Amino acid sequence: VPRRVAVRPVALAALAALVVLLVASVGSSGAEITASACPPSAAPPSAGVVPSAPVPVGSAEPAPEQVLVCVSSDAITGATYTHWLTVATKGEGPPVKGHHAASATELRGEVLDFLISFDWVKGEAQARNVSVSAAEVRKNFDHIRSQQFHKRREFEAFLRDSGETVADLLLRVELNLLSQRIQRSVVAGHHSAASKQRALAQFVKGFKAKWQAQTYCASEYDVKDCGHVQDTV
């Protein structure tokens, strides 16, 4: 579990090569949008009103129940965003000479891209009928923890310092396993390395378009992975 466990693409290496490929890359599954929460409500157009300048990403802390982003029918709420923003902020640590510290806007954008990528992977797994059991997740988690933390107090100190919970880390392990199984699904039937690489490249391109088209963001939380931006009422 890397110290910068939060949101930058390099940290996503812990989720396996496929997740890195999906996040670094630049037809719909038919999932229904939940009308009550997703997508975020759009404000009606006003005749003669000039749109204001874009609001910086997450410039104000959202309410816990506020829907910031919808990926298909799955909502990213203010509570989830605020939790991972805390993790990202802790991950920055003290200033280091020669190292560019992320601004508040950069951190907030990275958090949203990170959470969106999680929902994309989970959605793709569901579409492909790929799953992992809770027992598999726990077994892998225990193995990783025993390798990286030899004493319980070291692990507890990591949780304290990072702001992450055991549930957060279990989610990371689950997504790592799902990403590996998605990758195996994509290359199934391809035997040569070149054929597998072509299949993966084609998949990544379609994956990005497919899930971006199902990603709706409130205007003040517009990031690069948003396919639709809604001006909220």
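A brief look at the structure comes next.

1. Re the pattern of salt bridges
Working step 1: In the structure shown here, the tally under the stated rule is 12 salt bridges.
Working step 2: Residues lysine 122 and aspartate 119 are paired through a salt bridge, measuring 3.3 Å at the closest nitrogen-oxygen approach. Taken as a pair, lysine 122 and aspartate 119 lie in helix α3 (residues 104–127) at a separation of three residues, close to a single helical turn.
Working step 3: Here glutamate 164 and arginine 172 are joined by a salt bridge, their closest N and O atoms 3.4 Å apart.
Working step 4: Overall, the relative accessible area of 4% leaves glutamate 164 in the buried class.
Working step 5: Look at arginine 172 and you get buried, because its relative accessible area is 7%.
Working step 6: Among the charged side chains, a network of salt bridges with common partners joins Asp113, Lys208, Lys224 and Asp225.

2. Details of the environment of histidine 190
Working step 1: Within the secondary structure layout, histidine 190 lies in the loop between α6 (166–187) and α7 (193–212).
Working step 2: For histidine 190, a relative accessible area of 29% gives the class partly exposed.
Working step 3: The contact partners of histidine 190, leaving out residues within four places of it in the chain, are Ser195, Lys196 and Ala199.

Thresholds, definitions, all that
Residues numbered from 1 in each chain as written. Predicted model: local features only at pLDDT ≥ 70, side-chain atom pairs only at ≥ 80, totals over all residues. Heavy atoms only, no water. Salt bridge = Lys/Arg side-chain N within 4 Å of Asp/Glu carboxyl O. Helix = DSSP H or I, 4+ residues; strand = E, 2+ residues; numbered from the N terminus. Buried < 20%, exposed > 50% of the residue type's maximum accessible area, 1.4 Å probe, protein only. Contact = heavy atoms within 4.5 Å.

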